[in-house]
Amino acid sequence: MKDEKLQKALARMGLGSRRQMEEVIKAGRVSVNNGPATIGDRVTQGDEIRVDGRQIKYTAENEKRRRVLAYYKPEGEVCSAKDPEGRPTVFERLPKLTHDRWVMVGRLDINSTGLLLFTNDGEMAHRLMHPSSEVTREYAVRVLGEVTPEIARNLTAGVMLEDGMAQFEDIKEGGGEGVNKWYHVKLKEGRNREVRRLFESQGLKVSRLLRTRYGTIALPKELRTGRFLELDKKDINTLTDLVSLRPRYGTGLHGAAKEKQERIRNKPLKARRADSRSESSNAKPKSSASPASRGSRNTRDRNDKR
């Protein structure tokens, strides 16, 4: 059975960052199999790990149940665990984990909305984000101005940005009237503000950006802003196949958790905005008038006040 470094195991179980765990080990607060632990020790299934005398339930990373959440990020939330400015973050509404942690797959800037994936499998998240995996991301983008055939050719052929060449794999019209028009784009990278910067390189301004797909997972039709759904075994395995990871025993939803997800799919929960963290808000959000299609669903966020 594969072993792993002690500090990595402790960090993966949600006790702190890897660096923090190294300090805890150096301070003599950790023991493995009743002996004092040192930096670089490796642990495996069956080892007894204690921190400050408290036993930590350890499950090897390649044996624990793999979980994935699909979250509909609203505007105004920050893609980080904590924000020094006190702004709401995407982690605040996720379910709590015991001796584990959620790892975000990719990012969206504060003004962007749409699909974010979270998993408790760090290796899976790393592979889904790494450029060598070439995992396709799809977006619905509202642009101020018209994307002419020449601009479309430029954007798919490649444009030199400050951090290197970038390009869309595909760009298609998505409808719209007046100066604001919608486009559907695909790309195989996740650099900072890459979609916005590509359009800006052609003198166009993005007024709204919505991620509609990441790899094999599309933004669920029944999912509302500020809400999440947990993926079942079939969807998780399509993601792991995409990045050449083996399936794990127990992956997916079971029992009451599965029944709860089915109820949410049949009767979606109300949308939650980033500036309304309280569940008791009864204000009726305004609708947006976006004409673009998100597959079989309109791209407009009918529940999100703009």
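Residues numbered from 1 in each chain as written. Predicted model: local features only at pLDDT ≥ 70, side-chain atom pairs only at ≥ 80, totals over all residues. Heavy atoms only, no water.

### Topic: the overall build of the protein
Item 1. A tally of regular secondary structure across the protein gives seven helices and 19 strands.
Item 2. By the burial criterion, 44% of the 306 residues in the protein qualify as buried.
Item 3. On the protein, roughly 16000 Å² of surface is accessible, and the fraction owed to carbon and sulfur atoms is 47%. (Helix = DSSP H or I, 4+ residues; strand = E, 2+ residues; numbered from the N terminus. Buried < 20%, exposed > 50% of the residue type's maximum accessible area, 1.4 Å probe, protein only. Areas by Shrake-Rupley, 256 points an atom, 1.4 Å probe, with all protein chains shown as cover.)

### With respect to the confidence of the model for the protein
Item 1. This prediction gives the protein a mean pLDDT of 86; 89% of its residues lie at or above 70.
Item 2. By mean pLDDT, the top-scoring element of the protein is strand S16 (residues 217-218) (98), and the lowest-scoring one is strand S19 (residues 297-298) (41).
Item 3. Predicted confidence for residues 278-306 stays below pLDDT 50, and this span has 72 contacts to residues more than four positions away or in other chains. (pLDDT = per-residue confidence, 0-100. Contact = heavy atoms within 4.5 Å.)

### Let's talk about the environment of Arg-224
Item 1. Inspection of the secondary structure puts Arg-224 in the loop between S16 and strand S17 (228-230).
Item 2. For Arg-224 and Gly-114, which are 110 residues apart along the polypeptide, the C-alpha to C-alpha distance reads 9.5 Å.

### Here we look at the pairing of strand S7 (residues 68-73)
Each regular strand displays side chains that alternate between the two surfaces of the sheet.
Item 1. Most of S7 sits out of view: six of its six residues are buried.
Item 2. On S7, burial covers both faces: Val-68, Ala-70 and Tyr-72 on one face and Leu-69, Tyr-71 and Lys-73 on the other are all buried.
Item 3. Relative to strand S9 (residues 113-119), S7 runs antiparallel, the two being bridged by six bridges. Paired with Lys-73 across the bridge in S9 is Gly-114. (Pairing = 2+ DSSP bridges.)

### Section: the sheet that holds strand S6 (residues 54-56)
Item 1. In space, the four strands of this open sheet follow the order S3-S2-S5-S6, with antiparallel pairing throughout. The open sheet is flanked by strand S3 (35-36) and S6, the only strands paired with a single partner.
Item 2. Bridge count between strand S2 (residues 30-32) and S3: two bridges; the pairing is antiparallel. When the bridges of S3 are listed, Val-32 appears paired with Gly-35.

### A closer look at unusual backbone geometry
Item 1. The phi dihedral of Asp-52 falls on the positive side, at around 55 degrees, and the residue is not glycine.
Item 2. For Asp-52, the position within the fold is in the loop between strand S5 (49-51) and S6.

### Quick notes on helix H4 (residues 149-157)
Item 1. If you check which residues of H4 are buried, you get Ile-151, Ala-152 and Leu-155. Seen along its axis, H4 keeps its buried residues to an arc of 100 degrees; they face one direction. Of the exposed residues in H4, the ones pointing more than 90 degrees away from its buried face are Pro-149, Glu-150, Arg-153 and Ala-157.
Item 2. If you follow the buried residues of H4, they end up packed against strand S11 (159-161), strand S13 (170-175) and helix H5 (194-200). (Arc of directions from axis to C-beta.)

### Looking at the pattern of salt bridges
Item 1. Inspection of the entire model under this criterion finds 24 salt bridges.
Item 2. With a closest N to O distance of 3.4 Å, Arg-193 and Glu-200 form a salt bridge.
Item 3. Using a relative accessible area of 35% as the deciding quantity, one classes Arg-193 as partly exposed.
Item 4. Judged by relative accessible area, Glu-200 falls into the partly exposed class, the value being 40%.
Item 5. Taken together, the shared-partner salt bridges in this structure form one network comprising Glu-162, Asp-163, Glu-189, Arg-191, Glu-194 and Arg-197. (Salt bridge = Lys/Arg side-chain N within 4 Å of Asp/Glu carboxyl O.)

### So, the packing of aromatic side chains
Item 1. Summed over the entire model, instances satisfying the criterion amount to three aromatic pairs.
Item 2. Plain terms: the ring middles of Tyr-71 and Phe-118 are 6.3 Å apart, the flat faces sit at 75 degrees to each other, and that makes the pair edge-to-face. A residue pair is termed long-range when its members are at least 10 positions apart, and Tyr-71 in strand S7 and Phe-118 in strand S9 qualify at 47 residues. Here Tyr-71 and Phe-118 have matching classes, each one buried.
Item 3. Plain terms: the ring middles of Phe-91 and Phe-118 are 5.2 Å apart, the flat faces sit at 75 degrees to each other, and that makes the pair edge-to-face. Of the two residues, Phe-91 sits in the loop between S7 and strand S8 (103-105) while Phe-118 sits in strand S9, which places them 27 residues apart along the sequence.
Item 4. Taken together through their ring pairs, the aromatic side chains of Tyr-71, Phe-91 and Phe-118 make up a single cluster. (Phe/Tyr/Trp six-rings, centres within 6.5 Å; stacked < 30°, edge-to-face > 60°.)

### Considering empty space enclosed by the protein
Item 1. A full pass over the atoms with the stated rule returns one cavity of 30 Å³ or more.
Item 2. One number sums up the size of the largest cavity: a volume of about 40 Å³.
Item 3. Residues that form the lining of the largest cavity fall into these classes: six nonpolar, no polar and three charged. (1 Å grid on protein atoms, 1.4 Å probe; cavity = no way out; pocket = protein on both sides within 12 Å on 5 of 7 lines; lining within 4 Å. Points joined across faces, edges and corners; volume = space filled by probe spheres on them. Nonpolar A, V, L, I, M, F, W, Y, C, P; charged D, E, K, R; others polar.)

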